[in-house]
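What the coordinates show
Here's the letter readout for the chains.
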Number of protein chains: 2
Amino acid sequence: MFLAHINVSLKPTVNDPQGIAIQQGLRSLGFQTVEKVRAGKRLEVHLQESDRAKAEAQVDEMCQRLLANTVIERYEFELEEINATA
Amino acid sequence: MFLAHINVSLKPTVNDPQGIAIQQGLRSLGFQTVEKVRAGKRLEVHLQESDRAKAEAQVDEMCQRLLANTVIERYEFELEEINATA
């Protein structure tokens, strides 16, 4: 079994209103050192698959087809092998 | 300058409707190997701070006060040192 840790983030050139709102929130709380905030998604997907290459291909396809909007977002992921009982 | 990579995720015992929706979406697309999905947030915070210990303390306080709801969420972060010009 594999656990995929997937990060989906907006491409650097895309405007990020959520990040800006968080930045302003932090500054108004007194965190004046905050320069920039970018907000994204973090997904943990458990896969019933024993072959690492197949798991990798599947996760890549999931990101392309559903998890990320590749026009404005980019994604990266890591696969961690876990026990089925975990 | 530091860049903090922050992951905020729901605690394992907390119900995650977004994760369930994504899991069902993936399955209906034909990804039958998907067992479980948990959804969370990924934040990148740029800090104008030269001292690692101070940056770490600040990010921890940000998570406690704004970025995570520690009743139902947990957080973890990594600090990466970056150039001010980056």
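Just above sits the structure.
Read on for an overview of the structure. (Residues numbered from 1 in each chain as written. Chains lettered and ligands numbered in written order. Predicted model: local features only at pLDDT ≥ 70, side-chain atom pairs only at ≥ 80, totals over all residues. Heavy atoms only, no water.)

Each helix and strand counted, chain A has two helices and three strands in total. Secondary structure elements of chain A occur, N-terminal to C-terminal, as β-α-β-α-β. A globule of 86 residues ought to have a C-alpha radius of gyration of about 12 Å, yet chain A, at 17 Å, is considerably larger. The C-alpha extent of chain A, read off along each of the three principal axes, is 50 × 30 × 15 Å. Out of the 86 residues belonging to chain A, those deemed buried represent 48%. Of the contacts formed within chain A by residues at least 6 apart in sequence, a portion of 70% connects residues at least 24 apart. With an accessible surface of roughly 4,800 Å², chain A has 47% of that area assigned to carbon and sulfur atoms. (Helix = DSSP H or I, 4+ residues; strand = E, 2+ residues; numbered from the N terminus. Rg over C-alpha atoms; globule rule 2.2 N^0.38 Å. Buried < 20%, exposed > 50% of the residue type's maximum accessible area, 1.4 Å probe, protein only. Contact = heavy atoms within 4.5 Å. Areas by Shrake-Rupley, 256 points an atom, 1.4 Å probe, with all protein chains shown as cover.)

Next up on the list: the packing of helix α1 (residues 17-28) of chain A against helix α2 (residues 52-67) of chain B. Think of two packed helices as two axes; the pair is described by the angle between the axes and how far apart they sit. The geometry of α1 of chain A relative to α2 of chain B is characterised by a closest axis approach of 11 Å and an angle of 105 degrees between their N-to-C directions. As judged from the angle between their axes, α1 of chain A and α2 of chain B are roughly perpendicular. Taking contact as the criterion, the partners of Ile22, Gly25 and Leu26 of chain A in α1 of chain A are, on α2 of chain B, Met62, Leu66 and Leu67 of chain B. Within the contact of α1 of chain A with α2 of chain B, the residues separate by chemical class into five nonpolar, one polar and no charged. (Axes fitted to C-alpha atoms, helices over the stretch in contact; angles between N-to-C directions. Parallel < 35°, antiparallel > 145°, perpendicular 65-115°, else oblique. Nonpolar A, V, L, I, M, F, W, Y, C, P; charged D, E, K, R; others polar.)

This part takes up α1 of chain A. Over its twelve residues, α1 of chain A extends 16 Å from the first C-alpha to the last, a length consistent with the 16 Å expected when each residue adds 1.5 Å. Restricting attention to buried positions, one finds in α1 of chain A the residues Gly19, Ile22, Gln23, Gly25 and Leu26 of chain A. Down the axis of α1 of chain A, the smallest arc covering the buried residues is 160 degrees, so these residues share one side. In α1 of chain A, the exposed residues that point more than 90 degrees away from the buried face are Pro17, Gln24 and Ser28 of chain A. Tucked inside the fold, the buried residues of α1 of chain A contact β2 (34-47) of chain A together with β2 (34-47) and α2 of chain B. Following α1 of chain A by one or two positions, Gly30 of chain A adopts a phi angle in the positive range, close to 105 degrees. (Expected span 1.5 Å × (residues − 1). Arc of directions from axis to C-beta.)

Under the definition given, this model contains five salt bridges over all chains. For Glu44 of chain A, the salt bridge is made with Arg42 of chain A, and the minimal N-O distance between the two is 3.3 Å. (Salt bridge = Lys/Arg side-chain N within 4 Å of Asp/Glu carboxyl O.)

Right, let's get into the interface of chain B and chain A. Of the residues lining the interface, 31 residues belong to chain B; the matching set on chain A comes to 31 residues. For the pair chain B and chain A, the summed buried area comes to about 2,800 Å², and 64% of that belongs to carbon and sulfur atoms. Ranking the residues of chain B by area buried against chain A places Phe31, Thr33 and Arg42 of chain B at the top, with a combined share of 21%. On the surface where chain B and chain A come into contact, there are zero salt bridges. Joining chain B to chain A, the criterion identifies twelve residue pairs in polar contact (both at pLDDT 80 or more). Of all elements in the fold, only α1 (17-28), β2 and α2 of chain B reach the threshold of two or more residues within the side of chain B that touches chain A. (Buried area = accessible area lost by both parts, 1.4 Å probe. Polar contact = N/O pair within 3.5 Å; in protein donor to acceptor, adjacent residues only side chain to side chain.)

Here the focus is the environment of Ala53 of chain A. Among the secondary structure elements, Ala53 of chain A is positioned in helix α2 (residues 52-67). Each C-alpha atom, one on Ala53 of chain A and one on Gly30 of chain A, is 47 Å from the other, the two residues being 23 residues apart in sequence.

Take α1 of chain B next. For α1 of chain B, the set of buried residues is Gly19, Ile22, Gln23 and Leu26 of chain B. In this fold, the buried residues of α1 of chain B make contact with β2 and α2 of chain A together with β2 of chain B.

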